[in-house]
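# A look at the structure
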Amino acid sequence: MSKRTSLYAYVWRLPLLIWQGAFFVGPLLLMVAMSFWLVRNYRMEPDFIFDNWDRMLTRAYFWDAYAITFWRASVAATLASLLAFPASFALAFKVSETTRRWILFVLIVPFFTSYLVRVYAWQVLLAESGPLNALLGYAGLGPVTMLNSGFGAMVGYMTLVLPLVVILQTFSLAAIDRNLIEASANLGATPRATLFRVILPAARIGLIIGFVFAFILSFGDFVSPFYLGGSKPPTLSILIIDTTKSGQQWPRAAVVAVMMIVTLFIVAFAAVATAYGRRKPS
């Protein structure tokens, strides 16, 4: 009976394994192999050379793009987590269950439209002749350059990740046992102490997962730094496009992509280890 149950479980896992193998592991292995190929006369030829890796990893422009990408993703994830927490806290503890469901639904609605369309809308709003600068002009503060800047790119990142972070944090906070909070208050803890010693530790998994999702999405984003950030300074995603346009150098672009994936794997595994690791007793 146990063997049949085990076989039954493995059969139901097959679709997931096949999907991951066909659409993630397979393309990933192909991209890694492509990073060792050679481009001759604008055509890729299978080979096994390290010239592409040497070319990209020894150039300052690659590490500059890597640094700006990592920095912007870190800032976007931190900013999204901080901005999302007050809203998530209110949804989890200050409103009724019905109100929470409706607000979460409203937060999901932006994902019904294309992210690119929302970024185009921000292009209109952030332009020097746009409505935001018009309001600043009436106040004697404008115009201010917001488009084609780091600020514009950050606005795009927030458009992409902020609703998702609010949702993840809300689910995590709402799942906290209210008896723990009541016990903390009964023992004389201040609201601040309850927040930092009870609520945040109890919700740390959701908070960390929200942060890492925001980091991953921002790190690999091409739309915001291109359409709102002006491509300067270039991020890794923009560097991939520029590299492919330069003599059809897909193998060198594959090097950049592999480095991005390795970075995201390291960040994701570190986040999971932090989220699910055992806490030291205080």
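Residues numbered from 1 in each chain as written. Predicted model: local features only at pLDDT ≥ 70, side-chain atom pairs only at ≥ 80, totals over all residues. Heavy atoms only, no water.

## Details of the overall build of the chain
Heads up, the condition is: Each helix corresponds to a stretch of at least 4 residues labelled H or I by DSSP, and each strand to a stretch of at least 2 residues labelled E; elements are numbered beginning at the N terminus. Per-residue accessibility, obtained with a 1.4 Å probe over protein chains only, is compared with the maximum for each type, and a residue is labelled buried under 20%, exposed over 50%, and partly exposed between these values. Contact criterion: two residues are considered in contact whenever any of their non-hydrogen atoms come within 4.5 Å of each other. Throughout, the Shrake-Rupley method with a 1.4 Å probe supplies accessible areas, and for residues the shown protein chains are the sole cover considered. In this charge count, Lys and Arg are treated as positive and Asp and Glu as negative; neither His nor the chain ends contribute. A charged residue contributes its charge at one atom only: NZ of Lys, CZ of Arg, CG of Asp or CD of Glu.
Tallying secondary structure elements over the chain gives 13 helices and 2 strands in all. Along the longest, intermediate and shortest principal axes, the C-alpha atoms of the chain span 75 × 75 × 40 Å. Expressed as a percentage of its 282 residues, the buried residues of the chain come to 38%. Long-range contacts, defined as pairs at least 24 residues apart, comprise 72% of the intrachain contacts of the chain with a sequence gap of at least 6. Working note: accessible area of the chain is about 17,100 Å², and carbon and sulfur atoms make up 69% of it. Taken as two groups, the 22 positive and 11 negative side-chain charges of the chain have centres that lie 11 Å from each other.

## Re the pattern of salt bridges
Let me state the cut-off plainly: Counted as salt bridges are all cases of a side-chain nitrogen of Lys or Arg within 4 Å of a carboxyl oxygen of Asp or Glu.
Taken as a whole and judged by the stated rule, the model has 3 salt bridges. Between R100 and E97 there is a salt bridge, with its nearest N and O atoms 2.9 Å apart. One end of the pair, R100, and the other, E97, are both in helix α4 (residues 97–108), 3 residues apart, so they sit about a helical turn from each other. For R100, a relative accessible area of 11% translates into the label buried. Two residues, E97 and R101, come together in a salt bridge whose shortest N-O distance is 3.5 Å. A residue pair is termed a helical-turn pair when its members lie 3 or 4 positions apart in one helix, as E97 and R101 do in helix α4 at 4 residues.

## Points about the packing of aromatic side chains
Each aromatic ring pair is specified by the distance between its two centres and by the angle formed by the two planes. Heads up, the rule is: Any Phe, Tyr or Trp ring, taking Trp's six-membered ring, that has another such ring centre within 6.5 Å forms a pair; planes under 30 degrees apart are called stacked, those over 60 apart edge-to-face, and the others tilted. Ring-over charges, as used throughout, are those where CZ of Arg or NZ of Lys falls within 6 Å of the ring centre and within 35 degrees of the ring normal.
Throughout the structure, instances matching the rule amount to 22 aromatic pairs. An angle of 40° between the planes, with centres 6.0 Å apart, marks the rings of F85 and F89 as tilted. One end of the pair is F85 and the other is F89, both in helix α3 (residues 60–93) and 4 residues apart, which spans about a single turn. Each ring, one from F226 and one from Y227, has its centre 4.9 Å from the other, and the planes form 80°; the classification is edge-to-face. With a relative accessible area of 35%, F226 lands in the partly exposed category. Every member of this aromatic cluster is reached through a ring pair, and the members are F62, W63, Y66, F70, F215 and F219. Looking at R118, its charged tip hangs above the ring of F111, at a distance of 5.7 Å from the centre.

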